[in-house]
Amino acid sequence: GRRTLVMGGMKAFQEARVDDSIKMFDQAAEVGYPRALLWQRGLSLYYADRFKDGAVQFRKDVEMNPSDTEESIWAMLCEARLDGFDAARKNMLVVGRDSRPVMRTVYSLFRG
């Protein structure tokens, strides 16, 4: 089922089979797993040098979870690979307050 595909995609990613992981995440979405919640797919897209697709994936995730610090950062990192760091920083997603102090610090470092 959907969950099995997501777990398989995560395992494939851990084994450095990035293209296989993307296929499994896409299959999970095709059978009903909410695509916007597949942040793992975004990581795979980043490592496959598919930065535009990765940015879209991470931005959709933040739409679903507006306090998702990591996905805001990953979207910015994808966009930095496309548009340069300064441009990506200017367009970085603003998220709610993360309950984890370390993530608030990391977020503020990327925000500048």
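Note that the coordinates shown come from a computational prediction; the quantities given were computed from them, not determined experimentally. (Residues numbered from 1 in each chain as written. Predicted model: local features only at pLDDT ≥ 70, side-chain atom pairs only at ≥ 80, totals over all residues. Heavy atoms only, no water.)

**Q** Help me understand the environment of Tyr-46 in this model?
**A** Mapping Tyr-46 onto the fold places it in helix α3 (residues 39-47). In this structure the C-alpha to C-alpha distance between Tyr-46 and Gly-8, which are 38 residues apart in sequence, comes to 18 Å. Those residues in contact with Tyr-46 that lie beyond four places of it in its chain are Phe-51, Trp-74, Leu-77, Cys-78 and Arg-81. (Helix = DSSP H or I, 4+ residues; strand = E, 2+ residues; numbered from the N terminus. Contact = heavy atoms within 4.5 Å.)

**Q** Teacher, can you tell me more about the environment of Met-64 here?
**A** With respect to the helices and strands, Met-64 occurs in helix α4 (residues 51-64). Taking the relative accessible area as the measure of exposure, Met-64 reaches 52% and is therefore exposed. With residues near it in sequence (within four places) discarded, Met-64 still touches Ala-36 and Leu-37. (Buried < 20%, exposed > 50% of the residue type's maximum accessible area, 1.4 Å probe, protein only.)

**Q** How do you make sense of the pattern of salt bridges when you look at a structure like this?
**A** It is possible for side chains bearing opposite charge to pair when their charged atoms get close. Under the criterion given, the structure shown has nine salt bridges. Across the salt bridge formed by Arg-17 and Asp-20, the nearest N and O atoms sit 3.1 Å from each other. A residue is classified by how much of its surface remains accessible, and Arg-17, at 32% relative accessible area, is partly exposed. Across the pair Arg-100 and Glu-70 runs a salt bridge, and its minimum N-O distance is 3.0 Å. Note that Arg-100 is positioned in the loop between α6 (85-90) and α7 (101-111) and Glu-70 in helix α5 (residues 69-83), a separation of 30 residues in sequence. Through salt bridges with shared partners, a single network forms among Lys-11, Glu-15, Arg-17 and Asp-20. (Salt bridge = Lys/Arg side-chain N within 4 Å of Asp/Glu carboxyl O.)

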